[in-house]
Amino acid sequence: MSLRVVSAISELREALMAARRSGASIGLVPTMGALHAGHGRLIEQACQETDWVVVSIFVNPIQFDREDDYTRYPRPLTGDLEFCEARGVEMVFAPEAGEMYPEPQRTFVEVRGVAEHLCGRFRPGHFQGVATVVLKLVNIVQPDRAYFGEKDAQQVAVIRRMVRDLNLPVRIVAVPTVREADGLALSSRNQHLSAEERRVAPALYQALQLAAQRIASGADDPAEVKRAARALLDQHPEVRVEYLEIVDPDEMQPVAQITGPVRVAAAVWIGSTRLIDNVLCQPASLR
Ligand code: AMP
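Residues numbered from 1 in each chain as written. Predicted model: local features only at pLDDT ≥ 70, side-chain atom pairs only at ≥ 80, totals over all residues. Heavy atoms only, no water.

Caption draft 1: Quick peek at the packing of aromatic side chains. Tallied over the entire structure, the rule returns four aromatic pairs. Taking 6.1 Å as the distance between ring centres and 40° as the angle between the ring planes, the aromatic pair formed by phenylalanine 58 and tyrosine 101 counts as tilted. On the criterion of sequence distance, the pair formed by phenylalanine 58 in the loop between strand S3 (52-57) and helix H3 (67-72) and tyrosine 101 in the loop between helix H5 (97-100) and helix H6 (119-122) is long-range, its members being 43 residues apart. Comparing phenylalanine 58 with tyrosine 101 shows no difference in burial state: the two are buried. Ring plane angle 20° and centroid distance 5.9 Å describe the contact between phenylalanine 122 and tyrosine 243, whose orientation is recorded as stacked. Pair noted here: phenylalanine 122 is in helix H6 and tyrosine 243 is in strand S7 (residues 239-247), with a separation of 121 residues, a long-range link. What makes tyrosine 243 buried here is its relative accessible area of 8%. An aromatic cluster of at least three residues, connected via ring pairs, comprises Phe64, Tyr70 and Tyr73. The ring of tyrosine 70 carries arginine 75 above its face, with NZ or CZ at 4.9 Å from the centroid. Directly above the ring of phenylalanine 83 sits arginine 87, whose terminal nitrogen or CZ lies 3.6 Å from the centroid. (Phe/Tyr/Trp six-rings, centres within 6.5 Å; stacked < 30°, edge-to-face > 60°. Helix = DSSP H or I, 4+ residues; strand = E, 2+ residues; numbered from the N terminus. Buried < 20%, exposed > 50% of the residue type's maximum accessible area, 1.4 Å probe, protein only. Lys NZ or Arg CZ within 6 Å of the ring centre and 35° of its normal.)

Structure representation (structure tokens):
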């Protein structure tokens, strides 16, 4: 079957109704486009687990806290459609902003607590914009399963909590982070890095791995682990740390002591590009 591309919600709903009538289960992969192998992993898993896969490509204006980030976000739609077609996706939903927001949005989803720290602290309104658009997409597509990357672990936690709190009939599937050979997590924003910036970018993952090693070998003081990871990043004057935090994996709250599984998460700026990454860590006592 060849790929169908729709930009109207009504057309999408009609096609989905027919698919559902034929008994197909539906998978949703929400993206902002500029697709890479990380998105590819989500799509592949969706294709394995559901009969009919919808990839949404929408650069959601209400989740951007900086105008320049929104305007310079890459939008290579033709290549993205080829990418989806090659992977057997049934449908791409690529609406204009006016289709998703025909009037000023007055209703927003706020997930308290989970969205408070990490990116939530530094990107005001970001997770409210994410939760709101994901709720809209879930209502439009009514998927059986929706797929998200662990690279954005706080986003997954926010969405899981929204789904529980609002009793949404969808299963959230989290997919492991896809990385370059040198450890850098794939991201649509990596293409903004200059050659020199790209060379230092793997330091982010190296710092997280260093933290994971310390935790695995028994370190239970978050301050000490963070100091070691930061020291690695501080070796690179091009890297500016926005945050480096150790949180519990469900509530995303900083921990006072490492006694169970934790996520070490960081955001750094390299030049004018902001990169985030995280790793799930098991303390020595639980291994
Ligand atoms: P984005 O287009 O950046 O909004 O990402 C769309 C989805 O792809 C989100 O659920 C991301 O977490 C996921 N994603 C982005 N990069 C990666 C990656 N390197 N590995 C796995 N999933 C990813």
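Following the structure, the description resumes.
Caption draft 2: Up close: the side chain of glutamate 245. As for its placement among the helices and strands, glutamate 245 is situated in strand S7. A polar contact of 3.0 Å, which involves the side chain of glutamate 245, links it to the side chain of lysine 226. In this structure glutamate 245 touches Leu118, Lys226, Pro254, Arg263, Val264 and Ala265, once residues within four positions along its chain are discounted. (Polar contact = N/O pair within 3.5 Å; in protein donor to acceptor, adjacent residues only side chain to side chain. Contact = heavy atoms within 4.5 Å.)

Caption draft 3: Helix H8 (residues 153-165), seen in detail. Along its 13 residues, H8 runs 18 Å from first to last C-alpha, staying within 8% of the 18 Å computed at 1.5 Å per residue. Turning to H8, the residues buried within the fold contact H6, helix H7 (126-141), strand S5 (145-149), strand S6 (171-175), strand S8 (262-270) and strand S9 (273-281). After H8 finishes, the residue asparagine 167 shows a positive phi value of roughly 55°. (Expected span 1.5 Å × (residues − 1).)

Caption draft 4: Structural detail: the site of the ligand. Not every one of the 17 residues close to the ligand is listed here, only the nearest: His39, Gly149, Asp152, Val178 and Leu186. Here an oxygen atom of the ligand and a side-chain polar atom of histidine 39 are 2.9 Å apart. Side-chain polar atom of aspartate 152 to an oxygen atom of the ligand: 2.6 Å apart, as the coordinates give it. Burial of the ligand by the protein chains amounts to 93% of its free accessible area of 480 Å². Elements with a minimum of two residues in the shell around the ligand: strand S2 (26-31), helix H2 (37-49) and S5. In terms of residues, the shell around the ligand owes the most to one element, H2, which gives three residues. Its residues placed into classes, the shell around the ligand shows eight nonpolar, seven polar and two charged. (Near = heavy atom within 4 Å. Areas by Shrake-Rupley, 256 points an atom, 1.4 Å probe, with all protein chains shown as cover. Nonpolar A, V, L, I, M, F, W, Y, C, P; charged D, E, K, R; others polar.)

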